[in-house]
Structure formats: C-alpha cells, structure tokens
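Given next are the chains, with one letter for each unit.
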Amino acid sequence: MQDISIIYSPSNTRELHSWIAILNNECIGNIHLQIEPNKQIKFLDAWVHENYRRKGIFRKLWDTRWSFVQQHYKGYKAYAWCKPMSLSLLLEKGFTEGDNCVYVEKIIEDTKPLFEQCFVSC
C-alpha cells in the first residue's frame with residue numbers, strides 16, 4: 001500500500017475539510033471534518049472501499065486529519081459519532097467515550113400537510 005496518496009480538499013462553503021486516499025488514480029477512501037461555532041470540530045464520516053479495508057488506510061486517513069487539526073486548531077474541542085469498530089482508535093487518541101446513540105430511519109412518504117392526509121367523515 002506504499003503507492004497510496006492522501007490528497008487534501010478544502011471547501012469554502014461549509015467549513016468542510018476532506019482528505020481522499022488515491023491509489024492508481026482511483027478514490028479508495030475519504031475522511032472529513034467540519035469546523036463549527038464555539039471552537040468545535042466535528043469529525044465526520046470516513047469510508048474505505050471494501051477491497052482495501054483492514055490495510056491501514058482508515059488509520060492513515062485518520063492520522064492525516066488528526067495532524068491537520070493539531071497544527072491548525074489548538075484549543076478547539078473535537079468530537080465524533082463513531083461506529084463500534086472505530087471506537088478503539090479514538091480512545092487510543094485520548095478521546096473519552098460519551099453516551100451511546102441508536103440509529104433510526106424513516107422513509108419520507110408524503111409532503112401534504114397533516115390535515116390533508118386525514119379523511120374525516122361526518
């Protein structure tokens with residue numbers, strides 16, 4: 001995995017910063033962060049292509065992002081919502097574990113106002 005390049009990609013729209021892992025001119029992973037008010041940094045999702053998982057790419061992306069915030073955002077508080085398999089890395093880096101959260105989902109079905117969805121018969 002020596003030929004992997006990590007490319008930094010800033011965004012001017014949402015204070016979003018991204019890093020992309022490239023191998024043979026293909027994106028094989030990415031990681032993001034968002035700068036928030038009150039000196040907070042939200043670590044956003046990361047992704048590694050399934051063919052390249054368990055090869056240190058996530059850690060390389062994570063360490064690159066971590067070095068960036070250490071250099072540019074001293075005094076800020078970083079936080080993240082992570083999956084169980086990522087938790088050990090964050091704990092290793094000195095993060096403290098907070099409350100657990102549960103994933104929920106709903107398919108959006110209708111955009112009519114509630115009173116138009118209900119049929120009332122007299």
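Refer to the structure above for everything that follows.
One structure accompanies this document, and this report is about it. (Residues numbered from 1 in each chain as written. Predicted model: local features only at pLDDT ≥ 70, side-chain atom pairs only at ≥ 80, totals over all residues. Heavy atoms only, no water.)

Looking at the pairing of strand β3 (residues 26–36)
When you tally the buried positions in β3, you get eight out of 11 residues, the bulk of the element. The pairing of strand β2 (residues 16–23) with β3 spans eight bridges and is antiparallel. By the bridge assignment, W19 is partnered in β3 with I31. Between β2 and β3, which pair antiparallel one after the other, the connecting turn spans two residues, and N24 there sits at a positive phi close to 50 degrees. Bridge analysis of β3 against strand β4 (residues 40–48) gives seven bridges, and the strand direction is antiparallel. Within β4, the position partnered with Q34 by the bridge is K42. (Buried < 20%, exposed > 50% of the residue type's maximum accessible area, 1.4 Å probe, protein only. Helix = DSSP H or I, 4+ residues; strand = E, 2+ residues; numbered from the N terminus. Pairing = 2+ DSSP bridges.)

As for the sheet that holds β4
On the basis of which strands lie adjacent, the open sheet formed by five strands has the order β1-β2-β3-β4-β5 and mixed pairing. Looking at which strands have only one partner, the edges of the open sheet turn out to be β1 (5–10) and β5 (77–80). Neighbour-to-neighbour, the strand axes of the sheet open up by a mean angle of 25 degrees, direction not taken into account. Bridge count between β1 and β2: six bridges; the pairing is antiparallel. Across the sheet, Y8 pairs through a bridge with W19, a residue of β2. (Axes fitted to C-alpha atoms, helices over the stretch in contact; angles between N-to-C directions.)

Digging into unusual backbone geometry
At N24, a position not held by glycine, the phi torsion is positive, near 50 degrees. Checked against the element boundaries, N24 lands in the loop between β2 and β3. Phi is positive for N38, close to 60 degrees, though the residue is something other than glycine. Of note, N38 is situated in the loop between β3 and β4.

Some details on the pattern of salt bridges
Applying the stated criterion across every chain, the model contains two salt bridges. Across the salt bridge formed by R59 and E92, the nearest N and O atoms sit 3.0 Å from each other. Here R59 is found in helix α1 (residues 57–72), whereas its partner E92 is found in helix α2 (residues 84–92), with 33 residues between them in sequence. Between K93 and D63 there is a salt bridge, and its shortest N-O distance comes to 3.0 Å. Of this pair, K93 sits in the loop between α2 and α3 (114–117) while D63 sits in helix α1, and the two are 30 residues apart along the sequence. Taking the relative accessible area as the measure of exposure, K93 reaches 26% and is therefore partly exposed. (Salt bridge = Lys/Arg side-chain N within 4 Å of Asp/Glu carboxyl O.)

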